[in-house]
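Report on the structure
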Amino acid sequence: MKVQRRTVLKGLLAASAAVAAPPFLRAQAAPFKIGLLTVKTGPLAQGGNQMEQGILTFLTEKNKTLAGRAIELIVADTGGNPAGAKTKASELIERDKVNVILGPLAAFELLAITDYVRDNATPLISIAAAEDVTQRKANPFVIRPSATSAQCCHAMGDFASKELKFKRAATISEDFAFGYEQMAGFQRVFEDNGGKVVKKLWPPFVTPDYTPYIAQISNVDCVFNGFAGSNPVKFMRAYADLGVKDKIPLLAGWTAMDDALLKSLGDEAVGVISAAWYSSEANTPSNKRFVEGMQKAYGVLPGGYSAGMYVAGQCVEAAIQILGGKADDRKALAEALHKVSLTDTPRGPVKFDQYGNVVGDVFIRKCEKKDGKLVNTVIKTYPNVSQFWSYDEKAFLGNPVYSRDYPPAKNLE
Amino acid sequence: MSARGPRFFAIGVAIAILLTLPLWIANSYYVNIASQILLWAVAALALNVLVGYGGLVSLGHAALFGAAGYTAALLLKAGHGHLVADLAAIGFTLFVSAIFAILSLRSTGIAFLMITLALGQILWGIAYRWVSLTQGDNGVNVTTRPRFFGISLATADAFYYAVLIVFALAVISMAIFVRSPFGASLRGTRDQARRMNALGYNVWLIRFLAFLFSGFWTGIAGLLFVYYNQFISPQVMALQTSAEILLMVISGGTATLLGPIAGAAIVVVMKNVASAYIERWNLVLGVIFVLIISFMPDGLIPGTARIWRSGWQTLRARAARGVRVS
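Rules and cut-offs
- Residues numbered from 1 in each chain as written.
- Chains lettered and ligands numbered in written order.
- Predicted model: local features only at pLDDT ≥ 70, side-chain atom pairs only at ≥ 80, totals over all residues.
- Helix = DSSP H or I, 4+ residues; strand = E, 2+ residues; numbered from the N terminus.
- Buried ≥ 20, exposed ≤ 12 C-beta atoms within 10 Å, placed from the backbone.
- Contact = placed C-beta atoms within 7 Å.
- Pairing = 2+ DSSP bridges.
- Axes fitted to C-alpha atoms, helices over the stretch in contact; angles between N-to-C directions.
- Parallel < 35°, antiparallel > 145°, perpendicular 65-115°, else oblique.
- Nonpolar A, V, L, I, M, F, W, Y, C, P; charged D, E, K, R; others polar.
- Domains from an automatic or database assignment.
- pLDDT = per-residue confidence, 0-100.

Here we look at the environment of Ala147(A)
All names here are of chain A. Within the fold, Ala147 resides in the loop between strand E6 (142-143) and helix H6 (151-163). Ala147 sits in the buried class, given 28 other C-beta atoms within 10 Å. With 260 residues separating them along the chain, Ala147 and Pro407 place their C-alpha atoms 20 Å apart. Setting aside anything within four residues of it in sequence, one finds Ala147 in contact with Ala129, Cys152, Trp277 and Val358.

Structural notes on the pairing of strand E8 (residues 196-201) of chain A
In the sheet, strand E7 (residues 168-172) of chain A pairs with E8(A) via 5 bridges, with the strands oriented parallel. Counterpart to Thr171(A) in the pairing with E8(A) is Lys200(A).

Quick word on the packing of helix H4 (residues 82-95) of chain A against helix H2 (residues 28-53) of chain B
Running from amino to carboxyl end, H4(A) crosses H2(B) at an angle of 150°, the nearest separation of the two axes being 8 Å. Overall, the two elements H4(A) and H2(B) adopt an arrangement that is roughly antiparallel. Within the contact between the two elements, H4(A) uses Ser90(A), Glu91(A), Glu94(A) and Arg95(A) and H2(B) uses Ser28(B), Tyr29(B) and Asn32(B). Of the residues in the contact of H4(A) with H2(B), the class split is 1 nonpolar, 3 polar and 3 charged.

Quick word on the domain arrangement of chain B
All names here are of chain B. Under the domain assignment used here, chain B contains domain 1 (18-283) and domain 2 (296-326). Between the C-alpha centres of domain 1 and domain 2 the distance comes to 35 Å. Ranked by residue count, the leading element in the side of domain 1 that touches domain 2 is helix H12 (residues 258-273), at 4 residues. Residues of the side of domain 1 that touches domain 2, tallied by class, amount to 3 nonpolar, 7 polar and no charged.

Side note on the sheet that holds strand E4 (residues 100-102) of chain A
All names here are of chain A. Taking strand neighbours across the sheet as the criterion, the 6 strands line up as E2-E3-E1-E4-E5-E6 in an open arrangement whose pairing is mixed. The sheet is open, and its two borders are formed by strand E2 (65-66) and E6, each paired with just one other strand. Pairing between strand E5 (residues 124-125) and E6: 2 bridges, direction parallel. When the sheet's bridge partners are listed, Ile125 is paired in E6 with Ile143.

Quick notes on the confidence of the model for chain A
Looking at chain A, pLDDT values average 91 and 93% of them are 70 or higher. In the model, residues 1-27 of chain A has pLDDT below 50 throughout and makes 15 contacts with residues more than four positions away in sequence or in other chains.

Here's the deal with the pairing of strand E11 (residues 273-276) of chain A
Residues and elements named next belong to chain A. The side-chain alternation of E11 yields two buried faces, one formed by Ile273 and Ala275 and the other by Ser274 and Ala276. Sheet topology note: the strand E10 (residues 250-252)/E11 ladder contains 2 bridges and is parallel. Looking at E11, one finds that Ala252 is bridged to Ser274. For E11 and strand E14 (residues 358-370), the ladder comprises 4 bridges, and the chain directions are antiparallel. Residue Ser274 lies in a different strand from E14, and its bridge partner there is Arg365.

Considering the interface of chain B and chain A
Contacts between chain B and chain A engage 22 residues on the former and 22 residues on the latter. Per-element tally for the side of chain B that touches chain A: the top contributor is H2(B), with 3 residues. Its residues assigned to classes, the side of chain B that touches chain A shows 5 nonpolar, 15 polar and 2 charged.

Topic: the domain arrangement of chain A
Residue and element names in this part refer to chain A. Parsing chain A into structural domains produces domain 1 (31-147 + 282-356) and domain 2 (151-276 + 360-398). Relative to domain 2, the C-alpha centre of domain 1 lies at a distance of 26 Å. Domain 1 puts 22 residues into the contact, and the matching count from domain 2 is 19 residues.

Describing unusual backbone geometry
Residues and elements named next belong to chain A. Look at the link from Gly103 to Pro104: it is a cis peptide, with omega at -5°. Residue position: Pro104 is located in the loop between E4 and helix H5 (107-119). The linkage connecting Tyr406 with the following residue, Pro407, adopts the cis geometry, with an omega of -5°. Within the secondary structure, Pro407 is located in the segment after helix H13 (393-398). Even without being glycine, Lys64 reaches a positive phi, approximately 55°. Counting through the fold element by element, Lys64 comes out in the loop between helix H3 (45-61) and E2. The backbone of Ala67 shows a phi angle near 45°, a positive value even though the residue is not glycine. Locating Ala67 in the fold gives a position in the loop between E2 and strand E3 (69-77). Since 19 C-beta atoms lie within 10 Å of it, Ala67 is described here as partly exposed.

Shown next as structure tokens:
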């Protein structure tokens, strides 16, 4: 505290004292404003509420003070659509003059505002997964402490081929960009390790019954699913009800087997193997505080949406610490956020690559029933996974972004 | 004659407020909200041509709105200039409107509504699924706003004035349209289609031209939208957008000039401003619509005018009878 005030004074004394005095007073009085772009209405509201709980848990733990600065949190509901995200981002930046934005949730929301936050020089910490935001459209004001769509799926492709020795796989995911990018990442690593993805299924986002899709799955060693929202619950139930689960093991991305979903799942989830960048089982001090805080305040087991925002809060704290009294300079804050390196977060060590994407651990978990409760037990940890996996960064960025058609599925039957 | 004075006065005040708005609203956020109200008002006015004056309820206008936005965004992305992109966008929207009109004007009423809905969903599907062209739900970014006579529209104020000019042109063209013989004949096809037919009017052609006129201004609104957001994705073309524009028209008052503008203001303010203070803003918006439909079934503007008139008459009647008005 004392040190910080001294550095502020030093900086200000360098300038003319007459001009410096009023801003000095203001800088001490004004809180550091965090804007949260989340979704509180519509089909994405569940994840949106978890995001809000995550950052609130962090701020409560820190007594609403980060690195000596009082924090003001402003929550904005985008409604889960790009135009809403844009309007709310402008509300946070132009009206409320926030120092940093956390969120938004969905990839299409993030893509709608990345240019805008850059033009308005406001740092943004998102958990939306759109690959290109930290790749071909990387932006000096955006960092992502969660993962790209494919970051965990690369690891799953590796685990399925090398450890589980699967040779033939089918994939199933929603028919939108997040699904395409996840499945592409899995397919790429799985096939580079000698496996074959022989079937790729894309049910629409709103599918009342998955039976016709599951009926198309046969003669494979495993099925990898990347569902999100409440769809995994519906899908897994159908998968088990149709008796396929006993014959063909089910693999999952992080949203499809998020810890926050476990309370909605039953026996149909037992045995499902998933790859995630966060595990509520993780044995770090901050994760214990986080899980405890979430249980106390909301009575829930936290998942990735909450954890992502908790980690985002830690990044903000670390960046303010780096900058000392200069944290109100948004450009400096964005640069400092890129330099953040944390050893203790709920998801393990966190640092960022030059594109602003996290380099962190990916957990392979197996869902088990312990004392009548479902838990995702970690069975392997891939440490320091980058968004480029083991591929050459230049070559990776030279290829088109992951999509339904890229990399091409050559082994479809 | 006596009603004219206050009306001109009110219009004058409204113009003065709109012209000076950025001067007394210092915060660019609220200027942006005003721009949004105006651009959605253009879309609502355009739909009102069909719904209010033609008696044709369309649920496919979001597709026309998005068609213009996508055409412009994709051409800009391909490296074309703003003028080319905008003209092509309007041209393409007119083309799509013509196809919509030819297919949907085979019927009226519910069937018309269902056909426009289906056509709208097809266009939405194309935007969503034709990923190699539209980039699917990742959307298309528009990096720059156009310049007019050397003035960049990048700032909130400049963009507001650009939207205001377009909005004014839309209102003027609507006013002329409503008063024109063509507007009268469109209302004729709404009220007495068979009689109009018997009188020798080509009912289909009148409706077709009205559809194009409506499509034209919807396309203009779509262009404003894509320049405002500098981003477009398939969600814009979804049914929800069509329904929202229709709600603006119905809640404000169909077949009026002011109604769609008031409706647009209510929806935009509730969605963007009120949602910052009220978590259940959807509910409040719903309650407002229910109240409007219950107490002013003809819409906010005609309803308010009616209540105003009757209140005024009661007051005058009382005054004439010598009753003290407290």
